[in-house]
Every structure is written in structure tokens, then in C-alpha cells.
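The primary structure of each chain is shown beneath.
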Amino acid sequence: MDPQRMPGIRPGRLDEDTLAAHFSDLHAPLTPHEALVAADRCYFCHDAPCVTACPTSIDIPLFIRQIATEQPKASAKTIFAQNILGGMCARVCPTETLCEEACVREAAEGRPVEIGRLQRFATDAMMAAGTHPFTRAAATGKHVAVVGAGPAGLACAHRLALKGHDVTLYDARPKAGGLNEYGIAAYKSTGDFAQAELDWLLAIGGITLRTGARLGAELSLDALRAEHDAVFLGIGLSGVNALEVDGAAREGVADAVDFIAELRQAQELSALPVGRNVVVLGGGMTAVDAAVQSKLLGAENVTIVYRRGQERMSASGFEQELAASKGVTLRFNARPVAVLGNGAVREVEFEYTEEGPDGLTGTGETFCIPADQVFRAIGQTLGDVPAGLTLERGKIRVDAEGFTGLEGVWAGGDCATGGDDLTVTAVAEGRDAAEAIHRALS
Amino acid sequence: MADIRGNFLGIKSPNPFWLASAPPTDKEYNVRRAFEAGWGGVVWKTLGLDPHVVNVNGPRYGAVWGADRRLLGLNNIELITDRPLEVNLREITSVKRDYPDRAVIVSLMVPCDEESWKGIIPLVEATGADGIELNFGCPHGMSERGMGSAVGQVPEYIEMVARWCKQATRMPVIVKLTPNITDIRYPARAAKAGGADAVSLINTVSSITSVNLDTFSPEPSIDGKGSHGGYCGPAVKPIALNMVAEIARDAETRGLPISGIGGVTTWRDAAEFIALGCGNVQVCTAAMTYGFRVVQEMIAGLEAWMDEKGHACLDDIIGRAVPNVTDWQYLNLNYVAKAKIDQDLCISCGRCFAACEDTSHQAIAMKEGRVFEVKDDECVACNLCVNVCPVEGCIEMVPMQAGETDPRTGRIVEDTYANWTMHPNNPGRVAAE
Ligand SMILES: Cc1cc2nc3c(=O)[nH]c(=O)nc-3n(C[C@H](O)[C@H](O)[C@H](O)COP(=O)(O)OP(=O)(O)OC[C@H]3O[C@@H](n4cnc5c(N)ncnc54)[C@H](O)[C@@H]3O)c2cc1C
Ligand SMILES: Cc1cc2nc3c(=O)[nH]c(=O)nc-3n(C[C@H](O)[C@H](O)[C@H](O)COP(=O)(O)O)c2cc1C
Ligand code: SF4
Ligand code: SF4
Ligand code: SF4
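This part covers the site of ligand 1. All names here are of chain A. Inspection of the region around ligand 1 gives 33 residues, with V92, D171, K188, L215 and D414 positioned closest. V92 is positioned such that a nitrogen or oxygen atom in its backbone is 2.7 Å from a nitrogen atom of ligand 1. Note that an oxygen atom of ligand 1 is positioned 2.8 Å from one of the backbone N or O atoms of D414. Notes on ligand 1: free accessible area 1,000 Å², of which the protein chains cover 95%. Sort the elements by how many residues they give to the shell around ligand 1 and helix α15 (residues 285–297) lands first, with 3 residues. Taken together, the residues that form the shell around ligand 1 break down as 16 nonpolar, 10 polar and 7 charged. Each of domain 2 (143–238 + 382–441) and domain 3 (241–379) gives at least three residues to the shell around ligand 1.

See below:
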């Protein structure tokens, strides 16, 4: 039998070559000539709108001009000066809703300058050369604890180290990188890029990495505050929203983020099990990533079901099209009411919804979708937070500089208020908090 | 359909597109294929006396490119033909016999003495060729031997050699001019004084296209050294157009037939040369870049434009722009224009703002929401914004009407014509009335 049609959750639905092709770069890197041509399209705008749209305010016209004049490493330095994870951001930023959406050529022709791919071209050039563009300032003798080695924590740690402070970077997981390592879709960050970027970033010096150290277990905020001159929290969102329907605990129902983490850590994709019929619940980037990667792993039918209308989906138009182009079915205005099956899941029952003055309501009409695997992608939540911090709408409340209000404690990234939950936003917040900490320590 | 047949000095060709003397016309094989592709004529690659010259065995060309490797300028250090004279003459005879309706001109460059010039001409006449072109233009190699531009830079020599040639032949004599000179009118006048029937221009411009920053050698590099070459292609067209216009409107050379050369790449380039007084055009780099087939676009484009504008034949357009080329001092200082931005076309890139604010007259306002507007009370109509705007037609220069007040100067726009020669600030002005 065709392995794709075999029921249940099983590995080896596709052969290694097909899998390798499926999980190769979503956007192929530009060749040097392509980069010159792409760079030539940039108008070097005055007070460029793309820069305004970039959460880290990279000087886009300048870095593109440096590519055009055949100085990709100088270009990379321009990028890294604002965004030390410019390499990852080049791969994962939803540019279609950020810089490229704002590009004047998008307005003019519907075809923006390929800022993301150009950024990758430049940053790849410097990382391939193995050089780190910055050197640390003289040691200040100050010591900062950074908790969480995701994009926010890494950006914060790097900027603090640059300023001459000593940093200890703690993370609960066995590997640093946060969602760069465990969350980003495999075809966006190929070739173990997250770890390569981490090693490159740490080359600034002055950062001691301690993995397997969890705030709330091995670490306490009080102790960290006592031992360090400042603390930055970049702990992301480690919880998930629960699925409150009948049968939610059936075998075959899992969190999309766990599936993705497993996929990102898999040595051999052909050994990774996936269902024949996969149903993904949710409407964000996580839902799309789980669905697309299930499909690429060899699931025969993959359906994303979102409870509201398409226009409310937080996954961008580009992401939705990507899903559709890979053969994922998108369904809207339906919410799960029961996960059915005899032991393991067999199908999911949905009810159509309507959006009215009273919010979302069910119409009473139902339908079923066969499923042997169901992924919850209905939102991540903040994990346990130490006492003394103020929460606001499920996040740690911070001011514009990332200060929590608790003396000596700053926070940023997904765990804190402000900004979208994006890699680039986390980088901006980590960097800015580092600047604020530096000012406070000077 | 417009009639684009050419008649230059009585030499007929089915269209005004000739291949310039250069590699495309270096041998029979090329020229036959060029004629098959549709070229109206050729100027055979320059002949010299035997023993023939030798070329370098390393790169002869250098180039300047746009971002997508569009060739914008080409530079060469090639010499005249490096094949025996007798071979070239035999091939010219054979080609002309088979293509009687095409123009075949033979380019010549021999040492600057009467005997050499008068000696080679009868050999050329015997081929049945339609005319000769005296190559006084080559700026590299040959000039070091007292030929090419070494002759073309001394008007007295031009006149002398032209006269020798006219005495020696009944064939039309075209003098090909070098642009490597400060005032192109002097060599043109000398050619005319020597009895030349026409001038052709420009030959290549002395140039170094680039320097290799690893080896510090100019490009193209031959064993680590480079020599200046001759620049041609799209980049030299503006230089050529100006030189053509100077000759077309000079009191002494007005009416002297001109064959226009330098960067002709499209029908439009050709039409511009013709409008500035050329009877035909010659093409080298465009053919070297794209192959002989480009002539088909040139022919079709020229015909289409002439049809659209109602020009029946080349005589209807030759020299039509010449009366509009004037000296700065005669430009109308009462003409006032203002830049105007079409807000529907504007894509808010801000380039006009950066240009005007930083380097011109601070006449563009950047308003809330990236709206860019011209301040009429500051705009001097310099056109810089138009030139830097990436959207064609987005900024227009709108002339002010007589009677309106220029908000920049507070003066009323007059409908009279007034130029610098009459201006009060001109110490040497001629009193009006
Ligand atoms: C599946 C998925 C796909 C995504 N795809 C994209 C994308 O394509 N583009 C994009 O821009 N964004 C994407 N995002 C969002 C993006 O990954 C996050 O916005 C970003 O990683 C947030 O960075 P962070 O540093 O705040 O948190 P994280 O990356 O989550 O890092 C937090 C770190 O803190 C550690 N930690 C947590 N709790 C503790 C604790 N108590 N003690 C010690 N350490 C702790 C974690 O182990 C982790 O390493 C995606 C998110 C997901 C879930
Ligand atoms: C490789 C090369 C060789 C040339 N050789 C000659 C030559 O032998 N005789 C000559 O009169 N002009 C020669 N020229 C100049 C061309 O005929 C022509 O004047 C010049 O290239 C400008 O025209 P273009 O811009 O169409 O190329 C040569 C040009 C090139 C590129
Ligand atoms: S908006 Fe587009 S064209 Fe303008 S500077 Fe940015 S990338 Fe370049
Ligand atoms: S024409 Fe010149 S002065 Fe006027 S707005 Fe444009 S750039 Fe400024
Ligand atoms: S240069 Fe042109 S497109 Fe750009 S802002 Fe000015 S008028 Fe608009």
C-alpha cells in the first residue's frame, strides 16, 4: 500500500530524498548576480518607509546599497548593528506584513524590493566568513542575568556584552535559541542555522550560557536579583491554551508546538510519525506551520480549521497561500465541539459559527472531518511568573524600555507586553532593554 | 509606409543603418551575414599597408555595465585589420559584386605621406567599393605610430590627407573624426577645406574603463599592464550627439553631410542623430553586443515612428532639430516653469525631496503622510527632481503663462523673448532697441 494512505500515526510516509526536497529552503538564497539585480531595484528612499516598518529599524536602503556596491560584509554590519539576529530574521520575518509591505515599490507595482532575501544574502556572507563584526567595550565589572535564550534574551545578552557587561544567559531547555531552535518551521531555518547563529553571536565574548536552568525551579528571581546588577526576562510563552471539548484527551491529540519542536529536533525526518488525516485547530502562524509540515512529512489530508472568518486569521496572506499551495485545506467559521473516536481519535466534530454583536456563536449545524492526528494551535500562554511582577492581559507588564517596575528587572519578547509576537519584535525589545539596563548601570 | 532608403553622397542603401568600421565588418563572412540580416551598408574594417598589424593576444575589451549586466559602455584596444591587404581587397570585391544594392565603404589608415595614401586608393577603387572613409580617429596603438587620432588631432594634417585622397579618386571621401579633441569644429572645417565629401563621427573616446583593485592594473589587463582604449556604446551617445550638432550648425561646415556614429543602439538613437543633421548612422557596439539581428528593430522602429508622425522619407527628418540647437546666451530668460508632482503617480519614495533639499533649492515640502509637494516660491525649475524621480511622467515641468506672477521672484511672467545678451546683469549686453 502507498505509505501515504496507511491509517494511523506512522513514520516513513515519504522517502528521504522527497523529504529532503520538501524541507529545503523555502526561499532559496540569492546568487551574487541575483543579489545585484535585486539590490538595484531599491530607490534609496528618503526617510524610507521600509525602515519605519522594521521593528528593529535596520537601515535598509543603506544595507541594500552596500550590496549593490559589492560590499556584502559591510552591508551585514549595517544590519547587525540594529539586529544581531538579522540572519534569522531574514529567514523568518513575515516581510509581507513588515518592510516589504511598506516598500514603495510594493505600492507602485505590487512587487517590493526583496528586502528579506537581500538581508539573508548579506548576513550569510559575513557568517560564512566567520567574522564577528563587533568588539566588546572595556569591562564594566557589572553582571547581568538574562533568563531565556530565545531571540529576546540573545539580543539583550549580546548588546549588554558589547557594552562591556558580563552576562549569564540561563535557559530551561537543553539547547539555547528559544523558538529559533524549537519553533520556527524547518524550511525557514535549514541546515541547523539556529545553532550556527548562536555560536556566531556568542563570539562577542562575555556571555556565559547555562542551559537546563529554569526560573521557578533551579533559579529564583530573588536570588538572581541578589547576585546580579540587573535581570532581564525573555522567557517567551511556555504554556498553551487548553482545548475544552469532549474527547480532547484522546490519543492522537497534541500541541502543535510540541510536534514542531520534535520535528525540529529530529535527526531523521523519515523516522518522525505523522497521521494520514491531520486536523489543525487555530488560525495563526503556528497552525500554518504545523499543517504545512505535516503535509510535507507525508500526511495525505491536512485541514486547518479556524473558528472565525479568513480575514481574522492572524497568519498572513502569504502564509495562507503557502499552506494552500502545499495542499493544505483551509476551513473557516467552524469550531470543534468534540473529538470522536474509539480510544484514539477518528474524527473531529465541528459546528459552524457566526460573528455577531454577541461575539462568536454556534449555528447549531455540525460536520465531521476524519482525523487520526489533531494539533492544537489555539494560542500560547505565559508560564509561571515569579511574584512581584505585574501581569497585563496575560503578559508581564513593561514600559517602553522593557522595565517591569520591579527594581532591577526588565523583560521583553513574547512574555512581555507591547509589540507583536514575532522574532524581530523580540530582538528589538531585548536590544532596547539592554540599552536601558546599560543606562541604569552607568 | 515611410521610405527609409538612404542616399548618402549618392551612395544608395535600402536603409540608413550601416555597420561602422570595426570587428563586425572585418571580413567577408561577417559582412555577408550582416547584409542577410538587413544592414543597409558597411564600412569595412580599416585597411592598412602590409605587413599588417598584430593585435594583443590577451583581452582587447573592457566594459561598463548596469546592474543586470546591461552593457553600457565598451572599451577596446584593438588595432586596424590584422589580415593581409590583398585578402581584404579580394573579399570586398566579392561582397560588393553580390550585394550591389548595399553600401560598401572602405576605411583606410596608412602612414601620413602622399605616396602611401595615393598608392592604396587605386587598389580600393578596383574592388568596386562605393567610397572610402579616412580613419583619423583610432585613439590607441595606431596613434602612437603617427596615424589615426594622431592625424585627427591636427587639422592641417586632416586637410592635407583629405586633399591627397580627393585628388586620387572620384569615389566619395568621408573623413572619420576623433572625439579626443577640445573643439570638434576645427577638424570638421579642415576636412571640408581639404575637399572631403562628408565627415563621420565619432570614433572612440580615449578611456580606462576600470582598475583592478587586487592587482592595481587597469582593465583590460594584459599580463598585469593596461593601456588606454577607445570607449563606445550607449555611454558615448550624448558626446557624439553634441559633436554632430556642433558641426551641423557651424557657419563654416553647415550642410556638410554627416554620418552619425556613437552609441546608436535603437531606432530612437538613430532618429536623434538624423534629426541633428546626419544623413545616416553607423553602428558598432550594438551589433557587437546583440548580434546582427538588432537592425531589424531599428528598421521597424524608425519606419513606425515616421509613419506615426507623417514623415514620408529621411529628407523630411534630416536636420530637423538643428535650428533648435543654440548657444546658452540665446535661451529665453523670460521662460519660467515650475515642477509639478502628480500625486496619483507619486509613490512617496522621497528622492525628489532628498535631491532638492540637499543639493538644489529646498523647493519640495515633505508633508504629513509622506506627501511631497513643490513650493512654487522656491522652485527654480532646475529639473533635478524630474531626473531623479523613479516614476516616469510623475513630475512635470509646467511653463507659467504670461501675466502670471512668479511666486519665487515676485515678477510677472512676460510673453516677450529676452536672453542674456540683453540682460541688465550682462556687462557686455547689447542695448535693447
Ligand atoms: C510554531 C511557531 C512558529 C513561529 N514562526 C515565526 C516566524 O516564522 N516568524 C516570526 O517572526 N515569528 C515566528 N514565531 C514567533 C517567534 O518565534 C517568537 O515571537 C519569538 O521566538 C519570541 O522570542 P522570545 O525570546 O520572546 O521567546 P522564545 O523564543 O519563546 O524563547 C524563550 C526562551 O525562554 C526559555 N524559558 C521559558 N521559560 C523559562 C524559565 N522559566 N526559565 C528559563 N528559561 C525559560 C525557553 O526555553 C526559550 O528558550 C513563531 C512561533 C511559533 C510558536
Ligand atoms: C573593437 C573595435 C574596433 C574598432 N576598430 C575600428 C577601426 O578599425 N576603424 C574605425 O574607423 N573605427 C573602429 N572602431 C570604432 C567604431 O567604428 C565606432 O566609431 C565606435 O565604436 C562608435 O560606435 P558605437 O558606439 O556604435 O560602437 C572600432 C570599435 C571597436 C569597438
Ligand atoms: S521602501 Fe523599498 S525602495 Fe525604498 S528604500 Fe525601502 S526597500 Fe528601497
Ligand atoms: S525643479 Fe529643481 S528647484 Fe524645482 S522642485 Fe525640482 S529640484 Fe527643486
Ligand atoms: S521622486 Fe517622484 S515618486 Fe518619489 S516622492 Fe518624488 S515625486 Fe514621488
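Let us look at the site of ligand 2. Residue and element names in this part refer to chain B. Not every one of the 23 residues close to ligand 2 is listed here, only the nearest: S21, T46, K176, G263 and T285. With respect to ligand 2, the side chain of T285 contributes an N or O atom lying 2.4 Å from an oxygen atom. A total of 610 Å² of accessible area belongs to ligand 2 in isolation, and the protein chains cover 98% of it. Its residues assigned to classes, the shell around ligand 2 shows 10 nonpolar, 10 polar and 3 charged.

Moving on: the nonpolar core. Ranked by size, the top nonpolar core spans 88 residues in total, and within it I60, F63, L118, V146 and I437 of chain A carry the most contacts. What I60 of chain A contacts, discounting residues up to four positions off in sequence, is C50, V51, C54, C99 and I115 of chain A. Judged by nonpolar contacts, the second largest core, of 82 residues, contains V151, A191, A271 and M298 of chain B.

With 13 residues of chain A at the contact, the number on the chain B side is 13 residues. Both faces considered, chain A and chain B share a buried interface measuring about 1,000 Å² in area, 65% of it formed by carbon and sulfur atoms. Applying the counting rule to chain A against chain B returns 0 salt bridges. The tally of links from chain A across to chain B stands at 5 residue pairs in polar contact (both at pLDDT 80 or more). A per-class count over the side of chain A that touches chain B returns 9 nonpolar, 2 polar and 2 charged.

Another point: the domain arrangement of chain A. All names here are of chain A. Domain assignment breaks chain A into domain 1 (32–129), domain 2 (143–238 + 382–441) and domain 3 (241–379). When residues of domain 2 are sorted by the area they lose upon contact with domain 3, Y182, Y187 and K188 head the list and together hold 48% of the total. Residue K188 is joined to E319 by a salt bridge in which the shortest nitrogen-to-oxygen separation is 3.3 Å. At the boundary of domain 2 with domain 3, the tally comes to 8 residue pairs in polar contact (both at pLDDT 80 or more). Broken down by element, the side of domain 2 that touches domain 3 gets its largest block of residues, 4 residues, from helix α11 (residues 179–182).

All names here are of chain A. Judged by which residues are buried, strand β15 (residues 373–376) turns out to be covered on both faces: Q373 and F375 on one side and V374 and R376 on the other are all buried. Relative to β15, strand β7 (residues 253–255) runs parallel, the two sharing 3 bridges. If you follow D255 over to β15, its bridge partner there is R376. Of the strand pairs in this sheet, strand β9 (residues 277–281) and β15 are connected by 4 bridges, and their pairing is parallel.

Here we take up helix α10 (residues 294–309) of chain B. Residue and element names in this part refer to chain B. The first and last C-alpha atoms of α10 sit 23 Å apart over 16 residues, in line with the 22 Å expected at 1.5 Å per residue. Along α10, the positions that sit buried rather than exposed are V294, V295, M298, I299, G301, L302, E303 and M306. Buried-residue contacts for α10 involve β3 (17–19), α1 (28–37), α8 (267–275), β16 (278–283) and α9 (285–290). One or two steps after α10, the chain reaches G310, where phi turns positive at roughly 75°.

A cluster of nonpolar side chains, contributed by I208, V211, L213 and F216 of chain B, occupies part of the molecular surface with about 470 Å² of accessible area. Overall, the relative accessible area of 65% leaves F216 of chain B in the exposed class.

Okay, the pattern of salt bridges next. Under the counting rule described, the total for this entry stands at 44 salt bridges over all chains. Linking D98 of chain B and R32 of chain B is a salt bridge whose minimum nitrogen-to-oxygen distance equals 2.7 Å. With D98 of chain B in helix α2 (residues 85–98) and R32 of chain B in helix α1, the pair connects residues that are 66 residues apart, well separated along the chain. You can call D98 of chain B partly exposed: its relative accessible area is 38%. The class of R32 of chain B is partly exposed, set by a relative accessible area of 23%. A cluster of three or more residues bridged by salt bridges with shared partners is formed by D25, R91, R120 and D124 of chain A.

About the criteria used
Residues numbered from 1 in each chain as written. Chains lettered and ligands numbered in written order. Predicted model: local features only at pLDDT ≥ 70, side-chain atom pairs only at ≥ 80, totals over all residues. Heavy atoms only, no water. Near = heavy atom within 4 Å. Polar contact = N/O pair within 3.5 Å; in protein donor to acceptor, adjacent residues only side chain to side chain. Areas by Shrake-Rupley, 256 points an atom, 1.4 Å probe, with all protein chains shown as cover. Helix = DSSP H or I, 4+ residues; strand = E, 2+ residues; numbered from the N terminus. Nonpolar A, V, L, I, M, F, W, Y, C, P; charged D, E, K, R; others polar. Domains from an automatic or database assignment. Core = buried A, V, L, I, M, F, W, Y, C linked by side-chain atoms within 4.5 Å. Buried < 20%, exposed > 50% of the residue type's maximum accessible area, 1.4 Å probe, protein only. Contact = heavy atoms within 4.5 Å. Buried area = accessible area lost by both parts, 1.4 Å probe. Salt bridge = Lys/Arg side-chain N within 4 Å of Asp/Glu carboxyl O. Pairing = 2+ DSSP bridges. Expected span 1.5 Å × (residues − 1). Patch = residues over 30% accessible without salt bridge, like charges linked within 9 Å, V, L, I, M, F, W, Y side chains within 5 Å.

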